[in-house]
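Residue-level listing of the chains:
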Amino acid sequence: MNRLTARPGRYALRPGTAPPPGLPRGVIVLLGTACGVVVVAGMRGVADILGPVFLALMLTVTVSPVTGWLRRHGSPVWVAMLATITVAYLILLSLGAALAYSVTQLIDLLPTYQAQFAALRDDIVSGLSGLGVSSNTMRDAVAGIDPGTVLGLVESLLGGLAGLLSDSLFLLAVLLFMCVDAVHFPARLRSVVSERPQVVGAFRSFAGGTRRYLLVSTVFGLIVAVIDTVMLWALDVPLPVLWGLLSFITNYIPNVGFVIGLVPPALLGLLQGGPELMLTVIALYCGVNFVIQSIIQPKIVGDAVGVSATVSFLSLVIWAWILGPLGALLAIPLTLLAKGLLVDIDPSTRWLNNLISGQAVTPDEVTPSRNGAGRVHPRPARSSS
């Protein structure tokens, strides 16, 4: 005889019977961790496919409000679809063309610093020789450092991204189909909201958080890019517009983006004006970019998307390891996507939001819900009186 009696919508144990056996929580955690390792390994194996797909998804989420605005104002479906595709392609191709043009300028400029590179190598060798280091060993170590080496590094950082943005037919095709589907996707969500409200809420949370993050990062990126361009132009560092563009792009990399954007202009300042100009560039970059990108911006981003500074930094490391440089650029949106699919979609795991959020939660803001999970209530706004 079955020891469970059926009740409407649930099962209850008969009095005096033991609960059915189940897996211990520790075993469940271990199984979940093992599945996570397998998923991450699989994502690394197909990173060349997932990277463009995630980039297309982020662009589609970014431009999708254009579709909604046009549909609300009575535009036909085909007009909204065409406008969405056009805006997404313009963003993608404009950024790719700007990067490609800047890299071309850098390729033409670096060979003119051949003599400065040779003098810099000799200074390094003579300086370390005075400290007791063998000059022959040092000459062998720095023999491969020349404009071609630096050019190859810069091309790998910027040229690869420019090629991905402007030449990838796969990326353009995926972006096209996602923009087409974005026209009808809000209606599809509304059709299932009564049956799967958690799923719809998770998707909306991801989309809203991604747009807020991209808006904040774009505003701060433009501010930093303008300041860096004017600053480098005043210091007579070559290609200030290129380095301002690099600052804008690396602003989407959480916490450490300004360091990546600092290295090329600092090295070029060393070749152009010696150690004094390099130190000036480093000091000004640290004074402006570090304060804005590593102190002010993470706090605002954390408040906007509900992710703490620690989680944003760890997301940078993890996604860069999985997808490469593109994963570093998309670290926060991908973290929001993972949070929506793994945390927000399940009421029993939403308590994790209190732990990874960038906002402080006091005990009086949390009341226990019926399933035991805490629910956060927003603080009431203080009266101006």
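Refer to the preceding data block for the structure.
These numbers were taken from a predicted model, which means no experiment stands behind them.

Undergrad: Please clarify how the overall build of the protein chain should be interpreted in this entry.
TA: Secondary structure assignment for the protein chain yields 16 helices and four strands. The buried share among the 385 residues of the protein chain stands at 37%. Counting only contacts in the protein chain whose residues sit at least 6 apart along the sequence, the fraction spanning at least 24 positions is 69%.

Undergrad: Sorry, what's going on with a nonpolar patch on the surface here?
TA: A surface patch of nonpolar side chains, amounting to about 630 Å² of accessible area, comprises Val256, Val259, Val263, Leu267, Phe313, Leu314, Val317 and Ile318. When residues of the nonpolar patch are traced back to their parent elements, those giving at least two are helix 11 (257-273) and helix 13 (309-323). Take the nonpolar patch: its biggest share by element is four residues, from helix 13. Counting through the fold element by element, Val259 comes out in helix 11.

Undergrad: I would appreciate a short explanation of the packing of helix 2 (residues 47-72) against helix 9 (residues 197-234) in the present structure.
TA: Packed helix pairs are specified by the crossing angle of their axes together with the interaxial distance, meaning the distance between the axes. Two numbers describe how helix 2 lies on helix 9: the axes approach to 10 Å, and their chain directions differ by 90°. The angle between helix 2 and helix 9 falls in the class roughly perpendicular. Contact with helix 2, carried on its side by Leu57, Met58, Val61, Thr62, Ser64 and Pro65, involves Phe206, Ala207, Thr210, Arg211 and Leu214 of helix 9 and no other residues of that element. Within the contact of helix 2 with helix 9, the residues separate by chemical class into seven nonpolar, three polar and one charged.

Undergrad: Is there a simple way to think about the side chain of Ser217 in this case?
TA: Secondary-structure assignment places Ser217 in helix 9. The class for Ser217 is buried, based on a relative accessible area of 0%. If near-sequence neighbours (up to four positions away) are discounted, Ser217 is found in contact with Asn251, Tyr252 and Gln297.

Undergrad: Hey, could you run me through helix 11 in this one?
TA: Note: α-helices contain 3.6 residues per turn, so residues at a spacing of three or four share the same orientation. If you check helix 11, its first and last C-alpha atoms are 25 Å apart, about what 17 residues at 1.5 Å a residue would give, namely 24 Å. Burial in helix 11 covers these residues: Gly257, Phe258, Gly261, Leu262, Pro264, Pro265, Ala266, Leu268, Gly269, Leu270 and Leu271. One or two positions beyond helix 11, positive phi appears at Gly274, with a value near 90°.

Undergrad: How should I be thinking about the layout of surface pockets in this particular structure?
TA: In this approach the atoms are scanned with a rolling probe the size of a water molecule, which exposes any empty space left behind. Here the largest pocket defines a volume of roughly 880 Å³. For the largest pocket, the lining is made up of 26 residues, of which Trp319, Thr335, Ala338, Lys339 and Leu342 are closest to its centre. Of all elements in the fold, only helix 1 (25-45), helix 2, helix 13, helix 15 (331-344) and helix 16 (352-356) reach the threshold of two or more residues within the lining of the largest pocket. Element by element, the count of residues in the lining of the largest pocket is highest for helix 15, at eight residues. For the lining of the largest pocket, the residue count by class is 20 nonpolar, five polar and one charged.

Undergrad: I'm lost on the packing of aromatic side chains in this one. Help?
TA: Any pair of aromatic rings gets described here by the distance separating the centres and the angle formed by the planes. Applying the stated criterion across every chain, the model contains three aromatic pairs. Seen from their ring centres, Phe248 and Tyr252 are 5.6 Å apart, and the 85° between their planes marks the pair as edge-to-face. Tyr252 matches Phe248 in its accessibility class, with the two residues each being buried.

Undergrad: What is the right way to look at the packing of helix 3 (residues 77-109) against helix 7 (residues 169-182) in this model?
TA: Two elements in contact, helix 3 and helix 7, have axes separated by 9 Å at closest approach and are oriented at 150°. Note that helix 3 runs across helix 7; the crossing there is right-handed. In this structure, helix 3 uses Met81, Thr84, Ile85, Ala88, Tyr89 and Leu92 to contact helix 7, whose residues at the interface are Leu171, Leu172, Ala173, Leu175, Leu176, Cys179 and Val180. Counted by class, the contact of helix 3 with helix 7 contains 12 nonpolar, one polar and no charged residues.

What counts and what doesn't
Residues numbered from 1 in each chain as written. Predicted model: local features only at pLDDT ≥ 70, side-chain atom pairs only at ≥ 80, totals over all residues. Heavy atoms only, no water. Helix = DSSP H or I, 4+ residues; strand = E, 2+ residues; numbered from the N terminus. Buried < 20%, exposed > 50% of the residue type's maximum accessible area, 1.4 Å probe, protein only. Contact = heavy atoms within 4.5 Å. Patch = residues over 30% accessible without salt bridge, like charges linked within 9 Å, V, L, I, M, F, W, Y side chains within 5 Å. Areas by Shrake-Rupley, 256 points an atom, 1.4 Å probe, with all protein chains shown as cover. Salt bridge = Lys/Arg side-chain N within 4 Å of Asp/Glu carboxyl O. Axes fitted to C-alpha atoms, helices over the stretch in contact; angles between N-to-C directions. Parallel < 35°, antiparallel > 145°, perpendicular 65-115°, else oblique. Nonpolar A, V, L, I, M, F, W, Y, C, P; charged D, E, K, R; others polar. Expected span 1.5 Å × (residues − 1). 1 Å grid on protein atoms, 1.4 Å probe; cavity = no way out; pocket = protein on both sides within 12 Å on 5 of 7 lines; lining within 4 Å. Points joined across faces, edges and corners; volume = space filled by probe spheres on them. Phe/Tyr/Trp six-rings, centres within 6.5 Å; stacked < 30°, edge-to-face > 60°. Left-handed = near helix turned anticlockwise from the far one by under 90°.

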